[in-house]
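Residue-level listing of the chains:
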Amino acid sequence: MAVREIREFNRFYTNLIGALDYSRHLHTPFTLTEARVLYELAHAPRTDAADLRVELSLDAGHLSRMLAKFEERQLVTRGPSERDARRQRIELTTHGREAAALLEERSEEAVGSLLARIRPQDRSRLSEAMRTVRDILRDGEDGGGTPMPPRVVLRGPRPGDLGWVIERNATVYADEFGWNEEYEALVAQIVADFAATRDPEREAVWIAELDGQRAGCVFCVRDKEPDTARLRLLLVDPAARGHGIGRRLVDECIAFARTAAYTELVLWTNDILAGARAIYQRAGFELVAEKRHHSFGRELVGQDWRMAL
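Attention in this report is confined to the structure presented alongside it. (Residues numbered from 1 in each chain as written. Predicted model: local features only at pLDDT ≥ 70, side-chain atom pairs only at ≥ 80, totals over all residues. Heavy atoms only, no water.)

### Side note on the sheet that holds strand S4 (residues 152-155)
Picture the strands of a sheet paired through backbone hydrogen bonds; they go either parallel or antiparallel. Our working definition: Strands were regarded as paired on the criterion that DSSP finds at least two bridges between them. Numbering of helices and strands starts at the N terminus; helices are DSSP runs of H or I of at least 4 residues and strands are runs of E of at least 2. The axes are straight lines fitted to the C-alpha atoms, using for helices just the contacting stretch, and the angles between their N-to-C directions are given from 0 to 180°.
Taken together, seven strands build an open sheet; the order of strands is S4-S5-S6-S7-S8-S10-S9 and the sheet is mixed. Every other strand in the sheet has two partners, leaving S4 and strand S9 (286-295) as the edge strands with one partner each. Geometrically, the sheet is characterised by an average inter-axis angle of 20° between neighbouring strands, direction not taken into account. Pairing of strand S6 (residues 213-222) with strand S7 (residues 228-236), which is carried by six bridges, proceeds in the antiparallel orientation.

See the structure below:
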């Protein structure tokens, strides 16, 4: 009975979202598999081919042919991995990022059209039912007999994300370090300035999701010094720690700063934030100055870190 129900649901859902004729459904030249690959690359621009194959459970030969096709269309570049010269690193070109962004926009529109047909009072039931299906299947085992790992995704901001950044920063730092409302006010000012004056070519924010739930963030903004970017508001929610989210957020910020032609990336933190400092050090930042200060209701030691790009 369960097998029949699952198969019937699969047929219903793939027909509903146009999975069997994806290119026509979204008016795009890409198949569903090609779109998934572009999506993964757009949310992790420095991806090794081997990692991409494992993440999407793709045949190595199929993925290699697909990437060669993308390269011919100038959507990606391929080269030796920085981690291991035997591995191949894949990066989206400007044209590739534009194609991925268009796919994202059309996918959002398609889902929006689908939700528009659903009564508002039923949308929360739908979301909860989908979370239940995802959680039950994820709690099971994959074909290899090992638990399926939590899924981490980095994405750009959506409505409500900036407010979440302020709330989570204030709550986490109050709970863990006893910081008062001065810190919340500082975060709110940083976020407001970013939202009001952001230069999309040279400034960005990433929201990390763990299994579809917000789990962290980081900002890259212009600094006062010429050709210098500043990393700000790195945060990993306590419930989401241990999955490498902080490292991925910092790596993403560094990659963006390089692409945006900055020559230096700087940040300010406090010495009690040991986890964050370890991430910065492993990424290649160097401590250049320390100064005691009284802020957020506590006696602290502020630190300036710097990285040449």
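### A few points about the state of the cysteines
Applied cut-off: What counts as a disulfide here is a pair of cysteine sulfur atoms lying within 2.5 Å. We call a residue buried when its accessible area falls under 20% of the maximum for its residue type, exposed when it is over 50%, and partly exposed in between, using a 1.4 Å probe and counting protein chains only.
In the structure shown here, the tally under the stated rule is zero disulfides. Left without a disulfide partner, Cys217 is nearest to the cysteine sulfur of Cys253, which lies 11 Å away. Residue Cys217 is classed as buried on the basis of its relative accessible area of 0%. With no disulfide of its own, Cys253 lies 3.9 Å from the sulfur of Cys220, the closest cysteine sulfur.

### Considerations on the environment of Pro150
Stated precisely, the cut-off is as follows: Residue contacts are counted whenever heavy atoms from the two residues lie within 4.5 Å of one another.
You can see Pro150 is positioned in the loop between helix H7 (120-139) and S4. Expressed as a C-alpha distance, the spacing of Pro150 and Ala240, which sit 90 residues apart in the sequence, is 9.7 Å. Sequence-distant contacts of Pro150, that is, excluding residues within four places in its chain, are made with Leu210, Asp211 and His243.

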